[in-house]
Every structure is written in C-alpha cells, then in structure tokens.
Amino acid sequence: MRRKLAAGNWKMNGTQASLAELGKLATAHAAPAVDILICPPATLITAACAHAPIAIGAQDCHMASAGAHTGDIAAAQLKDAGATAVILGHSERRDAHEEHSDLVRAKARAAQAEGLMAIVCMGESLAQREAQNTLDIIGGQLAGSIPDSSTGENLVVAYEPIWAIGTGLVPSLDQISEVHGFIRARLERRFGAGVGRSVRLLYGGSVKPDNAADIFTVPDVDGALVGGASLTAADFSPIIKALEAV
Ligand code: PGA
C-alpha cells in the first residue's frame, strides 16, 4: 500500500556534467516499480527535471514564501524550478546551521503548503545511542519537526543515525527495526491509523549496493535516503533494484 521510495541526496556535489548520471539512471529505470527521487544542488534542479521518470527534489527551503532573505530559497521557488519534494532537517543542517526542530517544522509546513513532499530527517548521535537515549531523541524530533498538516502524500520521514552518515557504519537490522517501529507507532498515535500507516519511512546512513537488500527486509522500511551511493548510476541503480525486489 505504501509505494517504495529510493531517494538520493547529492548534498553539495554535482555540476551540469553530473546530469549524465541521471540520464543513465532514467534509461536503466524507464518503468520503475518504485518511486525514484534525486535531490541535487538547487543549481541543477531545473535541468535535472529533463530525466523523467526520476522525480527531482531539493535539500532545504526557507520557511517564508518570499522576501528579504539573501541566499535562501522559498518552497514556491523550488516548485517553480520543477522540484516535487524537499529534504528538511538533515543532520548536516541541524548541525552546521543550528536548525532546531521548530524551524524544521515551519519549513516543512511551508513546503507542504506549496504542494511539495517534505522529507523530514531525524537521527541520534553516537553518544546519544550509547547513553540509550535513541528513542527519546527520535520522539522529540518527531514531535517537534512534523507539522500538523502532514499526510501520507506530503510527508516522508527519514531515520538517519548521525553516526551512520558517510561513515560506512550501519545500525543492526534490529536497531533499524526498533526505531522504524517506534516512528510508525508515534505517527499512528498522532495522526490516526490511516495517515500514520500511509507515511513512508526511509532509512538513511551508508546505504550501499551491498547492504541495501538486507535493510529493505526490515518492517516499516519503505525505502532509503542515500547520500554517497546516489551520485553515480552504477551505485544507485542496484539499490533501486534491491528495493524493487522486496
Ligand atoms: P550517506 O548519506 O549515504 O553518504 O551515508 C546519507 C544522507 O546523509 O542522507
């Protein structure tokens, strides 16, 4: 009932030349059995949109709809550029730009108001996991970052343990299962079973061609948010195929 989603986050990587990778992906996955989304840098969004059936998203937006915010981009502008989704609250932004959950929630509300799908990220640090605070941290980020306007269509939640991002470290399948089950239960409690069960939950953090299939067996993992391994078709395509095979 939930359509699987393979999402790529290019972060601050990529120039026009990188769009050739999207061309390869689009050719290899002309009729995908899952949703494929790539979030390139904002500079590439419009050009990237030429590669259907791959949907294109952004990596951040401002909470305001327009105005004097030098260097920021509004959700309406992302939509105008061709984006259909936006990643919000990535740990790199929570950390480097001091984005707290209430700001993430305001941005997600702004994105949803423009008809964009908000991919809201959350995850614990290694110290928080070792102190056995993971579910408290996730519970707080979930309550604080997700707007009331959320539905199964306009919200995706990505669980990304900070210590797994870009490190090659991956939680055990039991650890992923515990957090995803917790997020699902909290969403059902807050939004009711209908909406709560329709929101897609992605796992993110060092997803690679050789571990994706195992991760996709975990209940309530509806896909992945992939950083490094989304930069080339050679790496991302086997991850898409592993998701299609679930
Ligand atoms: P990674 O990044 O796949 O390179 O670990 C994931 C992310 O930050 O979304």
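One can find the structure itself at the top, above this paragraph.
Residues numbered from 1 in each chain as written. Predicted model: local features only at pLDDT ≥ 70, side-chain atom pairs only at ≥ 80, totals over all residues. Heavy atoms only, no water.

A. Focus on the packing of helix α5 (residues 101-113) against helix α7 (residues 134-145). Where α5 meets α7, the axes come as close as 7 Å, and the angle between the chain directions of the two elements is 40 degrees. Considering their axes alone, α5 and α7 lie oblique with respect to each other. On the side of α5, the interface is formed by Ser101, Asp102, Val104, Arg105 and Ala108, while α7 contributes Gln141, Gly144 and Ser145. Residues that form the contact of α5 with α7 fall into these classes: two nonpolar, four polar and two charged. (Axes fitted to C-alpha atoms, helices over the stretch in contact; angles between N-to-C directions. Helix = DSSP H or I, 4+ residues; strand = E, 2+ residues; numbered from the N terminus. Parallel < 35°, antiparallel > 145°, perpendicular 65-115°, else oblique. Contact = heavy atoms within 4.5 Å. Nonpolar A, V, L, I, M, F, W, Y, C, P; charged D, E, K, R; others polar.)

B. Region of the structure containing the sheet that holds strand β6 (residues 155-159). Within the closed barrel, the eight strands sit side by side as β1-β2-β3-β4-β5-β6-β7-β8. Their pairing is parallel. This sheet shows a mean twist of 25 degrees between the axes of neighbouring strands, independent of strand direction. As paired strands, strand β3 (residues 55-58) and strand β4 (residues 85-88) are joined by two bridges and run parallel to one another. Bridge pairing in β4 places Ala58 opposite Val86. Contacts between helix α8 (residues 173-198) and the sheet are confined to β6 and β7 (200-204), with β7 contributing the most and set at about 160 degrees to the helix. (Pairing = 2+ DSSP bridges.)

C. Focus on the pattern of salt bridges. Taken as a whole and assessed by the stated rule, the structure comprises 15 salt bridges. The partner of Arg200 in a salt bridge is Asp35, and the shortest N-O contact between them spans 2.8 Å. Taken together, the residues span a long stretch of sequence, with Arg200 in strand β7 and Asp35 in strand β2 (residues 35-39) at a distance of 165 residues. Arg200 gets classed as buried once you look at its relative accessible area, which sits at 10%. For Asp35, a relative accessible area of 25% corresponds to the partly exposed category. (Salt bridge = Lys/Arg side-chain N within 4 Å of Asp/Glu carboxyl O. Buried < 20%, exposed > 50% of the residue type's maximum accessible area, 1.4 Å probe, protein only.)

D. How the structure looks around the environment of Gln112. Position of Gln112 among the secondary structure elements: in helix α5. Residue Gln112 is classed as buried on the basis of its relative accessible area, which comes to 8%. Along the chain, Gln112 and Asn154 lie 42 residues apart, while their C-alpha atoms are 6.0 Å from each other. Other than its neighbours up to four places away in sequence, Gln112 contacts Ala118, Pro147, Ser149, Ser150, Asn154 and Leu155.

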